[in-house]
Amino acid sequence: MVQEDNPQDGAAARLHQLAEYFREHPVEGPVEGHSASRSAPAPLSLATLDHIQASVNEVIAHTRGANPEAGPAPSRADAVYDWCREHTEHADETVQQRRDTIEYRQYLEHALRAGDKLVIRKQRCPECRTWGLMWQRDMQAALCTNTDCVDNDGFSHTFTLARLAHEHVTARTKIRQARTT
Ligand SMILES: [Zn+2]
């Protein structure tokens, strides 16, 4: 059974947390002539800023691709998801599914970037449907820990966040269609 998304815990909420964190831990650029004596700026923060910008740009590109009339994107990073939904609500179903998949994948990405690996535990394995997924940072993939869930060569199945998001959105769509028919 796939749960409905919690509006309090979506991509927007997670991105907001990341942006807040970034504001509270700003990156200090190197100061001329003093850079060697200063403690190194936190690379996490710079990477997080890049991550936020890349995420927002992806949502904007998808929105404009679906609706060239969408107009200016919001200035607040976490407002971009509502803006995207608003301007794609009449788009065809594949566009909306793709939008939801991007948003859910970004939800997972934001959570992992904030150190919350539990979001992966809440996903069923797309192959064996059990709850034994574990995030493998070096592989940037979720690995199924079910020892029976292996490929033909005996290796554990692994899944990208895009695949998990696709599974989640597809299952959720099926539930909604079942309710309305
Ligand atoms: Zn599995």
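Structure shown above.
Residues take numbers from 1 onward in each chain, read along the sequence in its written order. Where totals are concerned, whole chains, interfaces and linings use all residues; where local detail is concerned, this predicted model gives features only for residues with pLDDT of at least 70, and gives and counts side-chain atom pairs only at 80 or more.

1. A word on the packing of helix α3 (residues 80–88) against helix α4 (residues 93–113)
Phase 1 of the analysis: Think of each axis as a best-fit line through the C-alpha atoms, taken over the contacting stretch in the case of a helix, with angles from 0 to 180 degrees between the N-to-C directions. Helix and strand assignments come from DSSP, with helices taken as H or I runs of at least 4 residues and strands as E runs of at least 2, each series counted from the N terminus. One way to put it is that α3 packs onto α4 with a least axis distance of 11 Å and a crossing angle of 175°. When the axis of α3 is compared with that of α4, the two are roughly antiparallel. Here Tyr81, Cys84 and Thr88 of α3 lie close against α4, whose contacting residues are Val95, Gln96, Arg99 and Glu103.
Phase 2 of the analysis: Taken together, the residues of the contact of α3 with α4 sort by class into three nonpolar, two polar and two charged. Orientation categories follow fixed angle ranges, with anything under 35 degrees roughly parallel, anything over 145 roughly antiparallel, 65 to 115 roughly perpendicular, and all other angles oblique. Distance between backbone-placed C-beta atoms decides contact: two residues are in contact if it is within 7 Å. Charged residues are taken to be Asp, Glu, Lys and Arg, nonpolar residues to be Ala, Val, Leu, Ile, Met, Phe, Trp, Tyr, Cys and Pro, and polar residues to be all remaining types, Gly included.

2. Looking at the sheet that holds strand β1 (residues 133–136)
Phase 1 of the analysis: Two strands form a pair only when DSSP identifies at least two bridges running between them. The strand order across the open sheet formed by three strands is β1-β2-β3, and the pairing between neighbours is antiparallel. The two strands at the open ends of the sheet, each matched to only one other strand, are β1 and β3 (158–159).
Phase 2 of the analysis: Of the strand pairs in this sheet, β1 and strand β2 (residues 141–144) are connected by four bridges, and their pairing is antiparallel. Of the residues in β2, the one forming a bridge with Leu133 is Cys144.

3. A short note on α3
Phase 1 of the analysis: The exposure scheme places C-beta atoms from the backbone and then counts, for each residue, the other C-beta atoms within 10 Å of its own, assigning buried at 20 or more, exposed at 12 or fewer, and partly exposed in between. Residues Val80, Tyr81, Cys84 and Thr88 constitute the buried set of α3. Projected down its long axis, α3 carries its buried residues within an arc of 100°, all on one side. Away from its buried face by more than 90 degrees, α3 exposes Asp82 and Glu86. To obtain the arc, one takes the directions from the helix axis to the C-beta atoms.

Note that every value here comes from positions in space, so none of it alone points to a role or purpose.
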